[in-house]
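Fold and geometry: a report
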Amino acid sequence: MTMTSTAKAPEATVPSARRREPGRPSRLRPGAGKQLQGGPFAYIALAVVCIGSLLPLYWTLVAASHTQDEVLATTPPFLPGGRLLHNLDAAWNQAHLGKAIVNSFVVAGCITAATLFFCTLAGYAFAKMRFRGRGALMTGVIATLTIPPQLSVVPLFMMMSDIGWGGQLESVIFPTLVSAFGVFFMRQYLSEALPYELVEAAKIDGANNFRIVLSVVLPVARPAMMVLGMLTFVQAWNDFFWPYLALNQQNPTLQVALGQLSASYTPDQSIVMAGALISTLPLLVVFVIFGKQIVGGIMSGAVKG
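This structure is a prediction, so every number in the text was calculated from the model and none was measured.

1. A look at the overall build of the chain
Helices and strands together make up the secondary structure of the chain, namely 13 helices and 0 strands. Ordered by position from N to C terminus, the α and β elements of the chain give α-α-α-α-α-α-α-α-α-α-α-α-α. The proportion of buried residues among the 305 residues of the chain is 31%. With the model as given, the accessible surface of the chain reaches about 20,500 Å², and the carbon-plus-sulfur share is 65%.

Okay, structure coming up:
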């Protein structure tokens, strides 16, 4: 006599974390995970923003390619004219923009490089290192953001004069080598993007602080450094207030030199616009070269598993 027994197939087990009770609604919204499609309103809004952003640059081009009488007419021109090269040459020679552009590149480049170096080190120290007084020091750094820069103009000017840097580029570079915003920005970024495990693993492997910064911190902080570098370079390039006070007409930056074009009793607005166009072109070139890297670095993330 043979006995046959039928064994039931084991039921598929569902992890408890993924198991959903009957009748309980799912937390996922309908359409979650799908790429959103832009409607007509989104395209209209983007077109308005794009036109509003490009309109000042276009008007600068139009005004720089006409005479002053045409620019100041009751009905101003809306299309570029034929005097662009003449006005660019006049602005270049009247304000000596060649030397001013070189000075602006030196000032903006030195300030950007120093800001990225010091702010990245300070941001890493505030984000991942433990030392006494860290919170108080960070509070002091943030508190300096609330102080108007005009309050420090007089003592800073006296200090630069005592050192002997009056009228020199050093008087513009050294007071802005480190920015409180840059320290706070890098500290916030590294707090989230740099895991403690990477730092501890580097320490276990015998790396010192310099090696950790070089091999771990800098690759992680590269996207934030690109953004901070772009913001710092643009700010240093467009700075007018302090360079106007610290420098003289023989050794100006670009913005100070452009101020000389409009300092006369009856300035030629078309030539002033031509000078403004010259000052804008280097920024456009820098953004075209590094803009894709900045956006790509942010979108790709800092740590990849």
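Back to the write-up after that little detour.
2. With respect to the packing of helix α4 (residues 97–128) against helix α5 (residues 134–143)
Each pair of packed helices gets described by two things: the angle between the helix axes and the distance between those axes. α5 packs onto α4 with a crossing angle of 135° between their chain directions and a minimal axis gap of 10 Å. It follows that α4 is oblique to α5 by the angle criterion. For the pair α4 and α5, the crossing hand works out as left-handed. Counted together, A125, F126 and A127 of α4 and R134, L137 and M138 of α5 form the full contact between these two elements.

3. Details of the confidence of the model for the chain
Averaged over all residues, the pLDDT of the chain is 81; the fraction at 70 or higher stands at 84%. Within the model, pLDDT remains below 50 along residues 1–20, and this stretch shows 3 contacts once partners closer than five positions in the same chain are excluded. A low-confidence stretch, residues 300–305 (pLDDT under 50), is modelled with 7 contacts involving residues beyond four sequence positions or located in other chains.

4. Comments concerning the packing of aromatic side chains
Aromatic ring pairs: the centre-centre distance and the angle between the two ring planes describe each pair. Applying the stated criterion across every chain yields a total of 8 aromatic pairs. An angle of 50° between the planes, with centres 6.1 Å apart, marks the rings of F126 and F131 as tilted. What makes F126 buried here is its relative accessible area of 11%. With centroids separated by 5.9 Å and ring planes inclined at 25°, the aromatic side chains of F233 and W237 adopt a geometry described as stacked. Of this pair, F233 and W237 are both found in helix α10 (residues 209–238), 4 residues apart, which corresponds to roughly one turn of the helix. Comparing F233 with W237 shows no difference in burial state: the two are buried. Counting every residue linked through ring pairs, the aromatic cluster contains F105, F233 and W237. Residue placement shows K128 over the ring face of Y196; its charged tip is 4.1 Å from the ring centre.

5. Re the environment of M226
Within the fold, M226 resides in helix α10. Separated by 64 residues in the primary sequence, M226 and F290 place their C-alpha atoms 8.2 Å from one another.

6. Topic: the nonpolar core
One finds L97, W237, L254 and L261 to be the most contacted residues of the largest nonpolar core, which totals 35 residues. Looking at this core, the elements with two or more residues in it are α3 (84–94), α4, α6 (153–163), α7 (170–173), α10, α11 (241–246), α12 (254–261) and α13 (269–300). With residues near it in sequence (within four places) discarded, L261 still touches A91, Q94, A95, P267, I271, V272 and G275. Listed in part, the 24 residues of the second largest apolar core include M138, L194, I212 and M225.

Rules of the game
Sequence positions are assigned chain by chain, starting from 1 and proceeding in written order. Predicted model: local features are reported for residues with pLDDT of at least 70 only, side-chain atom pairs are reported and counted for 80 or more only, and whole-chain, interface and lining totals are derived from all residues. Calculation of side-chain values draws on the structure's entire complement of heavy atoms; hydrogens and water are dropped beforehand. Here a strand is any run of E in DSSP of at least two residues, a helix any run of H or I of at least four, and the numbering for each starts at the N terminus. For every residue, the accessible area (1.4 Å probe, protein chains only) is compared with the maximum for its type, and the residue is labelled buried under 20%, exposed over 50%, or partly exposed between those bounds. Each accessible area is a Shrake-Rupley result for a 1.4 Å probe, and residues are judged covered by the shown protein chains and nothing else. Between N-to-C directions, angles span 0 to 180 degrees; the directions come from axes that are lines fitted to C-alpha atoms, helices contributing only their stretch in contact. Geometric relationships in this document are graded by angle, where less than 35 degrees denotes roughly parallel, more than 145 denotes roughly antiparallel, 65 to 115 denotes roughly perpendicular, and other angles denote oblique. Crossing chirality is assigned from the near helix's rotation relative to the far helix, an anticlockwise turn below a right angle marking it left-handed and a clockwise turn marking it right-handed. In this description, contact between two residues means that some pair of their heavy atoms is separated by no more than 4.5 Å. Confidence of the predictor at the level of single residues is given by pLDDT, which spans 0 to 100. Between 30 and 60 degrees the pair is tilted, below 30 it is stacked and above 60 it is edge-to-face, where a pair is any two Phe, Tyr or Trp rings, Trp via its six-membered ring, whose centres lie within 6.5 Å. Only Lys NZ and Arg CZ are tested; either one counts as a charge over a ring when it is within 6 Å of the ring centre and within 35 degrees of the ring normal. Put simply, buried Ala, Val, Leu, Ile, Met, Phe, Trp, Tyr and Cys residues joined by side-chain atoms within 4.5 Å make one nonpolar core.

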